[in-house]
Amino acid sequence: MTDRLNKPISARVHQVSLSDGGVPKHAVPVAQVTVNGLRGDRQRNRKVHGGPDRAVCLYSHEIIQALRAEGHSIGPGSAGENLTVTGIDWASLGPGDRLAIGADLELEITGYTAPCRLNGQWFKDGNSERMAQEAYPGWSRLYARVLVEGIVHQGDQVRVLDSNRDRNIE
């Protein structure tokens, strides 16, 4: 099976995570996703987190594993992401790209997340800049808006529906 860009589908939701505010977010098997984010999830600082253009935070399981291999204690959900995704070329994703997750959910990536000072606790030197897009391109978490609401389950398939990079290549 392939996605709309004729790429093999192997990407999945590794973990769905919620919190009553702050980090870490904790694993749940399933969540309802609305234009305002995941039901049951709350952000401590709504000036910088949440809202329609930052409704869902995503991160790569492979990046988390690479950071752990460097000696950092980060794990799925600890960086504040709602969806930890595995099997996707993370560095190739960027603003404007659309993802289909599970049966109905559709997201559009709106931007890269700036590292939060609270994420410093997961880094051996206390410096969460290791997750900064400017310093380490392709290692940042991503924010997304919800285009089509739905339910997300751990293990759901993730498909890239649209990619700016693919559209711009002639």
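## Quick look at the overall build of the protein chain
Helix and strand counts for the protein chain come out as two helices and eleven strands. Its helices and strands in sequence order give the protein chain the pattern β-β-β-β-β-α-β-β-β-β-β-β-α, from N to C terminus. Burial status across the protein chain gives 50% buried among its 170 residues. Long-range pairs, those at least 24 residues apart, make up 68% of the contacts in the protein chain between residues at least 6 apart in sequence. Accessible surface computed for the protein chain: about 8,300 Å², of which carbon and sulfur atoms make up 49%.

## Considering the packing of aromatic side chains
Counted according to the given criterion, the structure contains one aromatic pair. Between Y59 and W90, the aromatic rings sit 6.4 Å apart at their centres with planes inclined by 75 degrees, giving edge-to-face as the arrangement. Note that Y59 is positioned in strand β5 (residues 56-60) and W90 in the loop between β6 (83-86) and β7 (98-101), a separation of 31 residues in sequence. Its end group placed over the ring of Y136, R130 keeps NZ or CZ at 4.1 Å from the ring centre. For the cation-ring pair, R130 lies above W139, with the distance from its terminal atom to the ring centre recorded as 4.1 Å.

## Focus on helix α1 (residues 61-69)
Taken together, the buried positions of α1 are H61, I63, I64 and L67. The arc enclosing the buried residues of α1, seen along the axis, measures out at 160 degrees, which places them on a common side. The residue sitting at the N-terminus of α1 and contributing the capping side-chain oxygen is S60; that oxygen lies 3.2 Å from the backbone nitrogen of E62. G71 occupies a position one or two residues after α1 and carries a positive phi of about 105 degrees.

## Some words on the pattern of salt bridges
Between side chains of opposite charge, a pair can form when the charged atoms approach closely. Inspection of every chain in the model, using the stated rule, returns five salt bridges. Between E70 and R130 there is a salt bridge, with the nearest N and O atoms lying 2.8 Å from each other. Taken together, the positions of E70 in the loop between α1 and β6 and R130 in the loop between β8 (105-112) and β9 (142-148) put the pair 60 residues apart, joining distant regions of the chain. For E70, a relative accessible area of 29% translates into the label partly exposed. Of the residues examined, R130 reaches a relative accessible area of 13% and is grouped as buried. With a shortest N-O distance of 2.8 Å, R145 and E108 are connected by a salt bridge. Separated by 37 residues along the polypeptide, R145 in strand β9 and E108 in strand β8 bring together distant segments of the chain.

Reading the values: rules and limits
All residue numbers here refer to positions counted from 1 along the written sequence of the relevant chain. At least 70 in pLDDT is required for a residue's local features to be given in this predicted model, at least 80 for side-chain atom pairs to be given and counted, and no such filter applies to totals for whole chains, interfaces and linings, which use all residues. The basis for every side-chain value is the complete set of non-hydrogen atoms in the structure, without hydrogens or water. Strands are runs of DSSP state E lasting at least two residues, helices are runs of H or I lasting at least four, and both sets are numbered from the N terminus onward. For every residue, the accessible area (1.4 Å probe, protein chains only) is compared with the maximum for its type, and the residue is labelled buried under 20%, exposed over 50%, or partly exposed between those bounds. Here, residues are in contact when the closest pair of their heavy atoms is within 4.5 Å. For accessible areas, the Shrake-Rupley method is used with a probe of radius 1.4 Å. Any residue's cover is judged against the shown protein chains and nothing else. Under the pairing criterion, centres of Phe, Tyr and Trp rings, with the six-membered ring standing for Trp, must be within 6.5 Å; the plane angle then separates stacked pairs below 30 degrees from edge-to-face pairs above 60, leaving the rest tilted. Consider the ring centre and the ring normal. A charge sits over the ring if Lys NZ or Arg CZ is within 6 Å of that centre and within 35 degrees of that normal. What the arc covers is the set of directions going from the helix axis to the C-beta atoms. The definition of a polar contact used here is a pair of N or O atoms within 3.5 Å, where within protein one atom must be able to donate a hydrogen and the other to accept one, and adjacent residues in sequence count solely through side-chain atom pairs. One speaks of a salt bridge when a side-chain nitrogen belonging to Lys or Arg is within 4 Å of a carboxyl oxygen belonging to Asp or Glu.

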